[in-house]
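Okay, here's what each chain looks like letter by letter:
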Amino acid sequence: MKNRIKTMLFVLLIGFTYTMYAQEKQVSGTITDANDGVPLPGASVSVKGTSKGVSADFDGKFTVSVGENDILVISYVGYVSQEISVSGKQTFNIQLQSDQDALEEVVVVAYGTQKKETITSSVVEVKADKLTDVTVPDVVTMLQGKVSGVQVLPSGGSPGSSPNIIIRGRSSINSTNSPLWVVDGVIIGNSDPKINPRDIEGMSILKDASATALYGNRGANGVILITTRRGEIGKKPQMTVYLKSAVNQFNPGNFEIMNSKQLYDYHESLGNTNEWFNESLLERDFDWLDATTQDGFVKDATVSFTSATETHNMLISGGYYSEQGTVIGSRLDRYTYRTNLDYNISEKLTIKPKLYFVFDRRENSRGGDLYSAYTNMPWDNPFNEDGSVVNARESLGDDWLGRDKSNYFYDRQWNYSDSRSFDLFASFDVEYKLLKDLTFISTNNFRWGNGESYNYTDPRSNSGKSVNGSIQDNTFRGLYRFTNQMLKYSKTFNEDHTVNALAAYEYNDTSTRNVSTRSENVVVNGQVQSVGLKAAQAEGNAGETAQQSFLVAADYDYKSKYFAKASLRIDGASAFAPDYRYGEFYSVAAGWNIHKENFFNIDDINVLKLRASYGAVGNQPGGFGYLSTYDVKFQYAGIIAAKPNRLGTEDLTWEKGVESNFGIDATFFDAIDLTVDYYNKENSGLLFYRRLSDQTGFSGRYQNIGSVTNKGIEVAIAADIVKTQDFGIAAAANISFNKNNVKELPDGTDIIGGSFIIREGEEFGTFYMRKWLGVNPADGAPVYEVINPDTGESSTTSNYNSATLQTAGSANPDYTGGFGTLIWYKNFALTSNWAFSYGAELYNASRNLFDSDGYYLQYNQMVLPDGWSRWERPGDVATHPKPQPGGYAGSNQTSTRYLEDGSYLRLTNVTLSYDLPKSIMDKVGLSSANITLSGDNLVTFTKFTGVDPTISNGIGGSDLGYTSIGYPVPRRFSLGLNLGF
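Below is a summary of the structure that appears in this document. (Residues numbered from 1 in each chain as written. Predicted model: local features only at pLDDT ≥ 70, side-chain atom pairs only at ≥ 80, totals over all residues. Heavy atoms only, no water.)

**Remarks on the overall build of the protein**
- If you tally the helices and strands in the protein, you get nine helices and 50 strands.
- Relative to a compact globule of 981 residues, whose C-alpha radius of gyration would be 30 Å, the protein shows 34 Å and is just as compact.
- Expressed along its principal axes, the backbone C-alpha trace of the protein runs to roughly 130 × 70 × 70 Å.
- The buried share of the protein, reckoned over its 981 residues, is 49%.
- Contacts spanning at least 24 positions in sequence make up 68% of the contacts within the protein whose residues lie at least 6 apart.
- Counting every atom, the protein has about 45600 Å² of accessible surface; 54% of that belongs to carbon and sulfur.
- Each charge sign in the protein was given a centre, from 88 positive and 111 negative side chains, and these centres are 7 Å apart. (Helix = DSSP H or I, 4+ residues; strand = E, 2+ residues; numbered from the N terminus. Rg over C-alpha atoms; globule rule 2.2 N^0.38 Å. Buried < 20%, exposed > 50% of the residue type's maximum accessible area, 1.4 Å probe, protein only. Contact = heavy atoms within 4.5 Å. Areas by Shrake-Rupley, 256 points an atom, 1.4 Å probe, with all protein chains shown as cover. Lys, Arg positive; Asp, Glu negative; His and termini not counted. Charge placed at Lys NZ, Arg CZ, Asp CG, Glu CD.)

Spelled out as structure tokens, the structure:
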């Protein structure tokens, strides 16, 4: 009986299986774009109600097993999904329509994304292909001249030097003027985030308070958001190889120093009567600058892999950048690695782990001394006839004439230094869809930074003889933690009303430690501290900071015509006393798409939008200014003693900025895009370190003082001038006008520091010095201005000390901007980018040494530019006095004599590129191939007589507008190859 039952069950099972198999069939088809018929590779084909599905191949074709009554669901990113019954059909030709809502351009903004047409703030997006034309390891330089209201000022041309960046003018005296950097939602800080430019998908520059208010006490100087790359759903997995080689050339600008003959004539004109001055000097002519500089080679390589499906989106990238400096001995090697992964565990849960590290090694191995290369005289040869190096300190008589007796070639035989840093960024982000319209987003980041620098001074070197050599080690370690827990709500009501809202809690803290040690009396070629017989220094410091924040924001969209947005953030920071720890920062904004109104019927205007915003942001100072500090590196009677250092200010708080912005966005003839913004921002409570009387025992204290305003207009325009199938011309330009003004100071009292003055009614960055009036034609003596303080009348004097200190121009430009062009024909493209600045004064401090009228007799001197002349006889109208031994009292001291026009127009980049034809790529198995030939920093048009008008010592209150010799930004030529597999 049991056997019969088993037999019957087996027969029934076979029959059921046969029936099911008989009901299934294979169907196939092709999926294309309904508009142009292009295949859609990777399109998803699934059987409704089941987990069964396939993806279309590279030609858009698919085959899947289905039941007779099944329904296929066809979907593809950016297209409207379709449902198709398979009943009675075997093949399908499926055409998907574009989803206009899905294709709407989306811009990354604070804590999320937003449709471009609904943005009410001043936000500029720069895509990756607009960034990577120049060959540099940093992303700041790539913005030069490309965004209105953004100034990029190189700090120098040494490998890896990070430029300064200013958005809508300077407003802080002692706090930072640099913008906040945010990478993939993680707040990094105000310094270069050290990202491989090839890993960037795009950047958003947030300029007004409405755009930056969600970053609260760190948003006053603007915010730069970076989004790193992912794969693209619908495309097959791809590996990209990017290779570039370049040559750096030293670029001295307009600054030229004398050769042997020119210097001899100069000394002859001033009547040099020293015994060493004779015609035998003309037999010596060593080119110090040529010996100190070189053509440096650059290597840049990145290999990346991307893959994206409905379940995962991934990037794996590794990069190497190596640059030799144009000054001998300087070098940077940078290694980067990044992994981004977005993984959809279910329809509700997505995890997003990320890992990034960057390792830098900077060498100054036996580096050159650019300052000495300029100051040393061509009559001093650093090498003997047998090739050995001269020790200038031991030279006798007229063997070495330079005042400093400095031959750095001697010490660089043995002395060297280098530094290394390692930064690790690890994130684990989670998105969970709680409800259809409500999502929880958790962003969590951990950063570990480690830096080391090493300096070896050999006992045989001149700089090491006094201590018999030394070894110095400096180490830095920093731990940074960041977390943000956010709820996001998004819903459309009745197809007309769209509401987006978010609420979040954010916390971040830092912990840093520095240690510096030095040993003296060291073993030759020793490399560690233990080879030193004398411990000379052991110093260190540590610090901790923490901040928590609460933020809410909401925006409303009615029919894509009218928009409104509001935000509030409350920050609490450990840098302030408990009663002043929390601050509120807010914004409101509105927009109107006039072109969507029924009454608007101008066909040639495709887009016309008005924007208005108002908000308050902050600028957080570093340290704990509310606490008094003491120096304990002292002892009294053998006991550790504390010496007063800084007096605390209990009511110290944030610098606060309030800004309004009005903007117009327009598109004409479907070809010309125009954006105009007017802004007015006031920063109050400026942090200032006020010096105190020595009687207090403290050096000074931090205080919140006064206010500074910045008002300006920004204009950006882009146009497709010609656009055909095989040929096109496009151009873009931007210009920004900014007016800076010190609105208020305590009791209206001037603050004078160095050659600058902070005065009510003047610009922040106003020079304060004696006014040079030129040369007296009668006797060739310098002439300065004297102003009667009672009557205001002007007179002249040849006495430097009798001249009146007065305001003398501003370091702030009247306007800045840039423009670029694109011309393409079939597979060729030619692009150019320019940057300009007009109206800023620039103090050329190098002229104090090299244009000294004979004061620095044993330094080399500069060759006078065309149009400049020296006085020789009565009646001459000249720009310079006749040189004389010892110069003239005060003539080479600080005055407007060395204050020059810092305006410039620079060709920052030209690139010629060629895309290989598809027929060739198919034969060698490539999906893309591009070859580029480019030049960076090719030419600068300027009247400035120094090395580089774009370089200043910094962007603080007393630095911008002051420059010396500096390490100039090199001229660069490069060849690149970009391959996709």
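**Some points on the sheet that holds strand 39 (residues 772–775)**
- Taking strand neighbours across the sheet as the criterion, the three strands line up as 39-40-41 in an open arrangement whose pairing is antiparallel. Each edge of the sheet is formed by a strand with only one pairing partner; in this case those strands are strand 39 and strand 41 (794–797). When the angles between neighbouring strand axes are averaged without regard to direction, this sheet yields 35°.
- Inspection of the sheet shows strand 39 paired to strand 40 (residues 782–787) by three bridges, in the antiparallel sense. Each bridged residue has a counterpart across the sheet, and for Val 775 the counterpart in strand 40 is Pro 782. (Pairing = 2+ DSSP bridges. Axes fitted to C-alpha atoms, helices over the stretch in contact; angles between N-to-C directions.)

**With respect to the sheet that holds strand 38 (residues 766–770)**
- The sheet built from four strands is open, its strands ordered 36-37-38-42 with antiparallel pairing. If you trace the sheet from one side to the other, it starts and ends with strand 36 (751–753) and strand 42 (805–810), each paired once. Each neighbouring strand pair of the sheet contributes to a mean axis angle of 40°, computed without reference to strand direction.

**Overview of empty space enclosed by the protein**
- One pass over the full model with this rule turns up eight cavities of 30 Å³ or more.
- In this model, the largest cavity occupies a volume close to 400 Å³.
- The wall of the largest cavity is formed by 28 residues, among which Val 136, Thr 141, Val 969, Pro 970 and Arg 972 lie closest to the centre.
- At the level of secondary structure, the elements contributing two or more residues to the lining of the largest cavity comprise strand 19 (312–324), strand 47 (904–915) and strand 48 (928–942).
- A breakdown of the residues in the lining of the largest cavity according to their chemical character gives 11 nonpolar, 10 polar and seven charged. (1 Å grid on protein atoms, 1.4 Å probe; cavity = no way out; pocket = protein on both sides within 12 Å on 5 of 7 lines; lining within 4 Å. Points joined across faces, edges and corners; volume = space filled by probe spheres on them. Nonpolar A, V, L, I, M, F, W, Y, C, P; charged D, E, K, R; others polar.)

**Side note on the packing of aromatic side chains**
- The final tally for this structure, using the stated rule, is 42 aromatic pairs.
- Geometrically, the ring pair formed by Phe 255 and Tyr 374 is tilted, given 5.3 Å between the ring centres and 55° between the ring planes. Of this pair, Phe 255 sits in the loop between strand 17 (238–249) and helix 4 (260–269) while Tyr 374 sits in helix 6 (residues 370–375), and the two are 119 residues apart along the sequence. Grouping residues by exposure puts Phe 255 and Tyr 374 together as buried.
- Seen from their ring centres, Phe 286 and Trp 288 are 5.2 Å apart, and the 80° between their planes marks the pair as edge-to-face.
- Judged by relative accessible area, Phe 286 falls into the buried class, the value being 18%.
- Members of the aromatic cluster, connected to one another through ring pairs, are Phe 286, Trp 288, Phe 383, Trp 400, Tyr 408 and Phe 409.
- Just above the ring of Phe 764 sits the side chain of Arg 170; from NZ or CZ to the centre is 4.9 Å. (Phe/Tyr/Trp six-rings, centres within 6.5 Å; stacked < 30°, edge-to-face > 60°. Lys NZ or Arg CZ within 6 Å of the ring centre and 35° of its normal.)

**Describing the layout of surface pockets**
- A volume near 1100 Å³ is recorded for the second largest pocket.
- Within the residue set of the lining of the second largest pocket, elements represented by two or more residues are strand 14 (186–189), strand 23 (438–457), strand 24 (470–493), strand 25 (497–522) and strand 26 (532–558).
- Per element, the largest residue contribution to the lining of the second largest pocket is seven residues, and it comes from strand 26.
- Per-class residue counts for the lining of the second largest pocket are 11 nonpolar, 16 polar and five charged.

**Regarding unusual backbone geometry**
- The backbone of Arg 168 sits at a positive phi, close to 60°, despite the residue not being glycine.
- Structurally, Arg 168 is set in the loop between strand 12 (164–167) and strand 13 (180–183).
- In this structure, Asn 494 takes a positive phi of about 55° despite not being glycine.
- Exposure remark for Asn 494: the relative accessible area of 68% places this residue in the exposed category.

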